[in-house]
Amino acid sequence: MDEGQLHPHIETVAEDIESMGTRGAAPIADAVASALRTQARESEAETPATFRAEMRAAARHLLNTRPTAVSLPNALRYVLQRMDGASVGALCRSVERGAAAFCEQLDRARDDLGEIGANRLRDGDQIMTHCHSTDALACVEAAVEQGKDLTAVVKETRPRKQGHITARELREIGVPVTLIVDSAARRYLGEVDHVLVGADAIAADGSVINKIGTSGLAVNARERGTPIMIAAQTIKLHPDTMTGHTVDIEMRDESEIITDSDRDEIGDMTVENPAFDVTPPRHVDAIVTERGQFPPESIVTLMRELFGEGPGEPWNEPSGTDADV
Ligand code: RI2
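Scoring rules and cut-offs
- Residues numbered from 1 in each chain as written.
- Predicted model: local features only at pLDDT ≥ 70, side-chain atom pairs only at ≥ 80, totals over all residues.
- Heavy atoms only, no water.
- Pairing = 2+ DSSP bridges.
- Helix = DSSP H or I, 4+ residues; strand = E, 2+ residues; numbered from the N terminus.
- Axes fitted to C-alpha atoms, helices over the stretch in contact; angles between N-to-C directions.
- Contact = heavy atoms within 4.5 Å.
- Expected span 1.5 Å × (residues − 1).
- Buried < 20%, exposed > 50% of the residue type's maximum accessible area, 1.4 Å probe, protein only.
- Near = heavy atom within 4 Å.
- Polar contact = N/O pair within 3.5 Å; in protein donor to acceptor, adjacent residues only side chain to side chain.
- Areas by Shrake-Rupley, 256 points an atom, 1.4 Å probe, with all protein chains shown as cover.
- Nonpolar A, V, L, I, M, F, W, Y, C, P; charged D, E, K, R; others polar.
- Domains from an automatic or database assignment.
- Salt bridge = Lys/Arg side-chain N within 4 Å of Asp/Glu carboxyl O.

Novice: I'm lost on the sheet that holds strand β1 (residues 126-129) in this one. Help?
Specialist: What links the strands of a sheet is backbone hydrogen bonding, and the strands pair in either a parallel or an antiparallel sense. Ordered by their spatial adjacency, seven strands build an open sheet running β3-β2-β1-β4-β7-β9-β10, and the pairing between neighbours is mixed. What marks the edges here is a single partner per strand, and that holds for β3 (177-180) and β10 (292-294). Recorded for the sheet is a direction-independent mean angle of 25 degrees between the axes of neighbouring strands. With four bridges joining them, β1 and strand β2 (residues 151-155) adopt parallel strand pairing. Counted as the bridge partner of Met128 is Val153 from β2. Where helix α7 (residues 163-172) meets the sheet, it contacts β1, β2 and β3, and its direction lies at approximately 165 degrees from that of β2.

Next comes the structure, spelled out in structure tokens:
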């Protein structure tokens, strides 16, 4: 369909996600589900076929913003798979219902995950964090609400220093924070009781895709005997990986890590800025979800339960010429 029929809100949401104004799996998922709802509400489509085509085009536009954040396609899948009805009105209502249900589940999932994760944290424990994860923070918040005293070693997390957000939010709930540069992590690993991080995606074999630096941290934590706990709602499970697909690692702009003048001074070189890396399951102790905690190797069972043997891609145009399916 003509992308001109996309509601301007779709473009705004896509830009926010691309520029990381909206970031983290749950906020991204919430934003795209809500964007589909706006697209549906404001649609001027006159036929069900046009309405469906508009929704698919909106989804495709959102889909291409951040390749590694699997919550994005999972949110789109959830809403589009529930799009149903014989009239534009009925279709629209089904999208609104789907988006509302999805966003409500997200809120509940975070709380449930937090309660489960908090059970792994004991009074007096020290955690080490990497980047900023609302799911990881939910575990700390729930533990604090249970009356446990925790302290945190917070890695600043180059290049965008999202560790600062973690530090601020931990301070807001009264957790004492020690901020360190990323390369100092190993020095502190012997003192901490848990490495607690989030995930951007979890593959069927239990590999964890998270902010660049997580895999090195996990290797060091293993060597020090520090348990590694991943907090990840089930929207992070990557159903495509059940059929052997690998996860695309987003490469971000070099301007996040070097200024033009520094670059000019150094001279000709290649600069690379991968946003994420892959931690193999053998370095992970537990994946905490809203459905319970799992050893990484058994996450595929949960994935099959939630997604079946392989997901469809509801944003693709159906084959054949009549798009009204
Ligand atoms: P929540 C972040 O990536 C971090 O890698 C973090 O661990 C992960 O998303 C999950 O965050 P980015 O969006 O969904 O900052 O737990 O690139 O908030």
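Novice: Can you walk me through helix α2 (residues 25-41) in this structure?
Specialist: Owing to its 3.6 residues per turn, the α-helix aligns residues three or four sequence positions apart on the same side. Between its first and last C-alpha atoms α2 spans 24 Å; for 17 residues at 1.5 Å apiece the expected length is 24 Å, and the two agree. Extensive coverage of α2 is indicated by the burial of 14 of its 17 residues.

Novice: Explain the site of the ligand here, please?
Specialist: Around the ligand sit 19 residues in total, of which Arg23, Ala25, Thr134, Asp200 and Asn210 are the nearest. In the environment of the ligand, an oxygen atom lies 2.7 Å from a nitrogen or oxygen atom belonging to the backbone of Ala25. Coverage of the ligand by the protein amounts to 99% of the 450 Å² it exposes when considered alone. Secondary structure elements with two or more residues in the shell around the ligand: α2, α6 (134-145) and β6 (208-211). In the shell around the ligand, the residues fall into six nonpolar, seven polar and six charged. No fewer than three residues from each of domain 1 (3-111) and domain 2 (113-307) sit in the shell around the ligand.

Novice: Looking at this structure, I do not really get the pairing of strand β4 (residues 194-197). What am I missing?
Specialist: Burial along β4 is two-sided: the residues His194 and Leu196 and Val195 and Val197 are all buried. In this sheet, β4 lies alongside β1 in parallel orientation, the contact comprising two bridges. Bridge pairing in β4 links Ile127 to His194. Inspection of the sheet shows β4 paired to strand β7 (residues 228-231) by three bridges, in the parallel sense. Opposite Val197, over in β7, you have Ile230 as the bridge partner.

Novice: Even after reading the chapter, I still don't get the pattern of salt bridges, so can you show me in this structure?
Specialist: Note on pairing: side chains with opposite charge can pair once their charged atoms come close. Evaluated as defined, the whole model comprises 17 salt bridges. Residue Glu256 is joined to Arg160 by a salt bridge in which the shortest nitrogen-to-oxygen separation is 2.5 Å. In this pair, Glu256 sits in the loop between β7 and α10 (260-266) while Arg160 sits in the loop between β2 and α7, placing the two residues 96 residues apart along the sequence. Taking the relative accessible area as the measure of exposure, Glu256 reaches 17% and is therefore buried. Taken together, the shared-partner salt bridges connect Arg66, Arg160, Glu250, Arg252 and Glu256 into one network.

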